[in-house]
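Residue-level structural notes
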Amino acid sequence: MSSRGILLVNLGSPASTDIADVRAYLDEFLMDPEVIDSPWPIRALVVKAFILPFRPKQTAEAYRKIWRADGSPLLANSKALATALTDRVDSPVALAMRYGQPSIEHGVAQLTNAGVDEILLIPLYPQHAASTRTTTVTKVRAILRDQSRPIALRVLPPFYSDAGYLRVLTASVRDALPAAFDLLLFSYHGLPERHIERADPTGAHCLKRADCCESPSPAHATCYRHQAFATSRAVARALELPEERWRVSFQSRLGRLPWLEPYTDQVLAQLPGEGIKKLVVACPAFVADNLETLEEIEMRGREIFIAAGGEALTLVPCLNARPDWIELLARWSRDPLPQAMVDVASES
């Protein structure tokens, strides 16, 4: 019988709020061709000449607003998740970050040293995106190719529409809803539009028509935008919210290329003028609270909303280490979703 290890991978954080550490983190992150998909010379020029000389100071200041005694909230929340999962399964569990520490190399070494001959990789991203899932799978596969003995790799697929995940996500939103609110906004991390088009295997569906996310297509299997809308629609339906009481937007855009719209910051500024005074924001692209939820939405987003005439913004906490989320991960660890194939050569 094979021995399975569980590898949880999230995106990552800088080692500290020092500008040098933030610069090193952003350099590793932004130089990934799955994140900025330009040829290397162009990517290097953009990152080294136009981003790294300026952005690390601004990003470091943002991290200082949310940094905890135990470090980055994303890392601390992910560690709590891994610890809780370890208590619920018989398999060894390792945590890694795609960028920064603990590295994927370290996580794989933990599991191989424990003697496993199969790794179940759980990328902690509900929706598919090349800049999250694909880069993670590619990195793990490259590391496993260099092992002295064969280690099988099984990859949990995107779980944006899994019934168990939707139940947990819906419960987390319901738990956070105030007695009275006007609108539930689902804010997802944005992507450049060309990432969506590049992920379309048909080359002729995504962003080619206004209803592309609602029209059935093989492209939906790798379409982040479709999957974001599908998750939101399912949760809104479970909460029995009519169409006019929920919306979807996209945050964290970078640069001048067209990104997925509508932009969250612009939506937050517009909503009070539409009579939306009490707003709830959920961020289902993330399973652990981080810079994008705690600083970008709960701090800056609230300031934008209140300054525009809003009265209250309630942030729905991410799943973090909720017991029902831990239980679901434990079930997947024992019995992975059917699409979690050992052969991941087709992962895109």
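Reading the values: the criteria
- Residues numbered from 1 in each chain as written.
- Predicted model: local features only at pLDDT ≥ 70, side-chain atom pairs only at ≥ 80, totals over all residues.
- Heavy atoms only, no water.
- Helix = DSSP H or I, 4+ residues; strand = E, 2+ residues; numbered from the N terminus.
- Expected span 1.5 Å × (residues − 1).
- Buried < 20%, exposed > 50% of the residue type's maximum accessible area, 1.4 Å probe, protein only.
- Contact = heavy atoms within 4.5 Å.
- Pairing = 2+ DSSP bridges.
- Axes fitted to C-alpha atoms, helices over the stretch in contact; angles between N-to-C directions.
- Polar contact = N/O pair within 3.5 Å; in protein donor to acceptor, adjacent residues only side chain to side chain.

Some details on helix α12 (residues 323–334)
Over its 12 residues, α12 extends 17 Å from the first C-alpha to the last, a length consistent with the 16 Å expected when each residue adds 1.5 Å. Within α12, burial applies to Trp325, Ile326, Leu328, Leu329, Ala330, Trp332 and Ser333. Summarising the contacts, the buried residues of α12 are in contact with β1 (4–12), α4 (73–86), β3 (118–123) and α7 (163–176).

Things to note about the sheet that holds strand β8 (residues 312–315)
Strands sit in the order β6-β5-β7-β8 across an open sheet of 4 strands; the sheet is parallel. Looking at the sheet topology across the chains shown, the edges are occupied by β6 (246–251) and β8. Strand-to-strand twist in this sheet, taken as the mean axis angle between neighbours without regard to direction, amounts to 25 degrees. Where strand β5 (residues 183–189) and β6 come together, 6 bridges link them in parallel fashion. Residue pairing across strands places His189 opposite Gln251, the latter belonging to β6. Running at roughly 145 degrees to β6, helix α9 (residues 224–238) makes contact with β5 and β6 of the sheet.

What to know about the sheet that holds strand β2 (residues 93–99)
Sheet architecture is open: 4 strands sit in the order β2-β1-β3-β4, paired in parallel fashion. Taken across any chain shown, the strands that pair with only one partner, and hence form the sheet edges, are β2 and β4 (152–155). Each adjacent strand pair in this sheet contributes to an overall mean axis angle of 30 degrees, direction not counted. Pairing of β1 with β3, which is carried by 6 bridges, proceeds in the parallel orientation. By the bridge assignment, Arg4 is partnered in β3 with Glu118. Together, β1 and β2 form the strand contacts of helix α1 (residues 19–30), whose direction differs from that of β2 by roughly 85 degrees. Set on the sheet, α12 makes contact with β1 and β3; between it and β3 the angle comes to about 145 degrees.

Considering the environment of Leu315
Inspection of the secondary structure assignment puts Leu315 in strand β8. For the pair Leu315 and Gly301, spaced 14 residues apart in sequence, the C-alpha separation works out to 9.8 Å. Aside from chain neighbours lying at most four places away, what touches Leu315 is Val281, Cys283, Thr293, Ile297 and Glu298.

Brief notes about the side chain of Ser103
Relative to the assigned elements, Ser103 resides in the loop between β2 and α5 (104–113). Given a relative accessible area of 14%, Ser103 falls into the buried group. In terms of polar contacts, Ser103 uses its side chain to reach the backbone amide nitrogen of His106, at 3.1 Å. In this structure Ser103 touches Ala96 and Met97, once residues within four positions along its chain are discounted.

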